[in-house]
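Structural overview
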Amino acid sequence: MKRTPLYESHIELGAKMVDFGGWEMPIQYTSIIEEHTATRERAGLFDVSHMGEFEVRGRNAKEVLNQLVTCDLNLLEPDKIVYTFLTNENGGVVDDLLIYMLSDYQFLLVVNASNTEKDYLWLKEKAAQISYETTVINLSDTYGQIAIQGPAAQTILQRLTDFDLSQIRFFHFDMLTICGADTIVSRSGYTGEDGFEIYMPKAHATEIWNALLAAGKEEGIAPVGLGARDTLRFESALPLYGHELSAEITPIEAGLKFFVKFDKCDFPGKEIMQRQVNEGTDRRLVGIELIERGIPRDGYRVEKDGADVGYITSGAYSPTFKKGLAMALLRTDIIEPDGEVDVVIRGNRVKAKLVKLPFYKKKTLKK
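Summary of the structure given here. Computed from a prediction, not measured in an experiment: that's the story for all the values here. (Residues numbered from 1 in each chain as written. Predicted model: local features only at pLDDT ≥ 70, side-chain atom pairs only at ≥ 80, totals over all residues. Heavy atoms only, no water.)

Turning our attention to the sheet that holds strand β6 (residues 93-103). Picture the strands of a sheet paired through backbone hydrogen bonds; they go either parallel or antiparallel. Spatially, the five strands line up as an open sheet ordered β5-β6-β7-β4-β8, and their pairing is antiparallel. Edge positions in the sheet fall to β5 (81-87) and β8 (135-138), since each has one partner strand and no second. Each strand of the sheet is rotated relative to its neighbour by a mean of 30°, with strand direction disregarded. Of the pairings in the sheet, the one linking strand β4 (residues 52-57) to β8 comprises four bridges and is antiparallel in character. From the neighbouring strand, R57 faces β8, where its bridge partner is T135. In the packing of helix α4 (residues 116-130) onto the sheet, the strands contacted are β4, β5, β6, β7 (106-111) and β8, and the crossing angle to β8 comes to about 165°. (Pairing = 2+ DSSP bridges. Helix = DSSP H or I, 4+ residues; strand = E, 2+ residues; numbered from the N terminus. Axes fitted to C-alpha atoms, helices over the stretch in contact; angles between N-to-C directions. Contact = heavy atoms within 4.5 Å.)

Right, dumping it as structure tokens:
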């Protein structure tokens, strides 16, 4: 399995390591609930060095990328980030990603770890078909990436830089020196909390990780594994590729129409997704709250009056709300506010009701 530059740090901290898409990653250090709570109430530190990073460069880089993603890059400007999708001809999602605009001719793309090689080949092939002057470079092996999330994130990170972090707005970034390393620091994350994602040369990852743990000791910062990372993003209804998004699920079905801009140039699947917006979809992502005891898991069937109406895309026991919650892709015709359904758990029908997403929304998120 692959290892991030922080592997030894995880071992020293007593992390339980697991295989995550071919990467040996920490699933937890103490417990998922403790790490989840630490992030919601104080600050959590995450190793996300397994994510993929590409640079797209060239005189026509913006025009080329704009024909491959669902956002409108003409609305982007340097120092801003956009969340978007690579889609196929059927409107399904090849991957969801972040695009950092470094300049008019240079973009940093951050993709899911499990899709890195697939995305790279896909982008390289598609870009070459549009313009030979645009280059796609896979820099994943050169980057380390650390996220610090939670109410105390800015206070802690501020101790490592003279730059006023309050100047970095939500989904913006700046180039900062941290522990002597040139880094990209963005106000972004995958937890629903305020926080930052830091990109650095991999050789500096351990030093920055340790510096953040030391700087946050007073606030009770906690290293956080993949387990709590998933429950945090799940409570905030942030999609996970392979669950809420896939090659067979469109952004419209996943309730992410906002991130698809139709008043721009053509991109794969645009016509199909436009039709879904105009005519509606047969299925849609909704929230589910169990009325009876149980834990809904990914893939569990959902029934209405004994009929199969969809399935759970992500489900868990919520550490914040202390109950079973789930996101599910259900038949649109049965969706109604507070409507009741059954989740089939190990052969037993467990009563549940439909609720609005997200389950959790931080009111003080800085923008």
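Time to look at the sheet that holds strand β10 (residues 173-178). Across the sheet, which stays open at both edges, the six strands sit in the order β10-β11-β12-β9-β3-β13 with mixed pairing between neighbours. With partners counted over all chains shown, the strands left at the sheet margins are β10 and β13 (222-224), one partner each. Going from strand to strand, the sheet's axes swing by 30° on average, the running direction of each strand aside. Direction of pairing for strand β3 (residues 44-47) relative to β13: parallel, over a ladder of three bridges. Counterpart to F46 in the pairing with β13 is V224.

Here the focus is unusual backbone geometry. Comment: phi is negative for the bulk of residues other than glycine, and the bulk of peptide bonds are trans. The linkage connecting L357 with the following residue, P358, adopts the cis geometry, with an omega of 0°. Structurally, the position occupied by P358 is in the segment after β19 (348-355). A positive phi is found at R346, a non-glycine position, where the angle reads about 50°. Mapped onto the fold, R346 is located in the loop between β18 (340-345) and β19. A residue is classified by how much of its surface remains accessible, and R346, at 71% relative accessible area, is exposed. (Buried < 20%, exposed > 50% of the residue type's maximum accessible area, 1.4 Å probe, protein only.)

Okay, the side chain of T70 next. Within the secondary structure, T70 is located in the loop between α3 (61-66) and β5. Relative accessible area serves as the criterion here: at 0%, T70 is assigned to the buried category. Once you skip the residues sitting within four places of it in the chain, T70 turns out to touch T84, F85, T87, F259, V260, K261, K264, F267 and M273.

The next point concerns the state of the cysteines. With the rule as written, the count across this model stands at zero disulfides. Lacking any disulfide linkage, C265 is separated from the closest cysteine sulfur, that of C71, by 9.7 Å. Judged by relative accessible area, C265 falls into the partly exposed class, the value being 31%. (Disulfide = S-S within 2.5 Å.)

Ranked by internal contacts, the top residues of the largest apolar core, which has 38 residues, are F85, Y100, L108, V110, I184, L245 and V260. The set of elements that each furnish at least two residues to this core consists of β5, β6, β7, β9 (143-149), α7 (226-235) and β17 (323-331). Looking at this core, the element that brings in the most residues is β6, giving four residues. If you look at the next biggest cluster of nonpolar residues, it comprises 29 residues, including Y29, A43, I156 and L213. (Core = buried A, V, L, I, M, F, W, Y, C linked by side-chain atoms within 4.5 Å.)

This model, assessed by the stated rule, comprises 19 salt bridges. R275 is paired through a salt bridge with E271; the nearest N and O atoms lie 3.6 Å apart. Pair noted here: R275 and E271 are both in helix α8 (residues 270-279), with a separation of four residues, about one helical turn. Residue D333 pairs with R331 through a salt bridge whose shortest N-O separation is 3.0 Å. By relative accessible area, which is 58% here, D333 ends up exposed. (Salt bridge = Lys/Arg side-chain N within 4 Å of Asp/Glu carboxyl O.)

Tracing the chain through its elements places V48 in the loop between β3 and β4. Along the sequence, V48 and A113 sit 65 residues apart, while their C-alpha atoms lie 9.1 Å from each other. When sequence neighbours within four positions are dropped, the list of residues in contact with V48 reads Q145, I146, A147 and R229.

A few words now on the packing of helix α2 (residues 32-41) against α7. Running from amino to carboxyl end, α2 crosses α7 at an angle of 55°, the nearest separation of the two axes being 8 Å. As judged from the angle between their axes, α2 and α7 are oblique. The chirality of how α2 crosses α7 is right-handed. Taken together, the residues of α7 that come into contact with α2 (itself represented by I32, E35, H36, T39 and R40) are G227, A228, T231, L232 and E235. Each residue belonging to the contact of α2 with α7 can be placed in one class, and the counts come to three nonpolar, four polar and three charged. (Parallel < 35°, antiparallel > 145°, perpendicular 65-115°, else oblique. Left-handed = near helix turned anticlockwise from the far one by under 90°. Nonpolar A, V, L, I, M, F, W, Y, C, P; charged D, E, K, R; others polar.)

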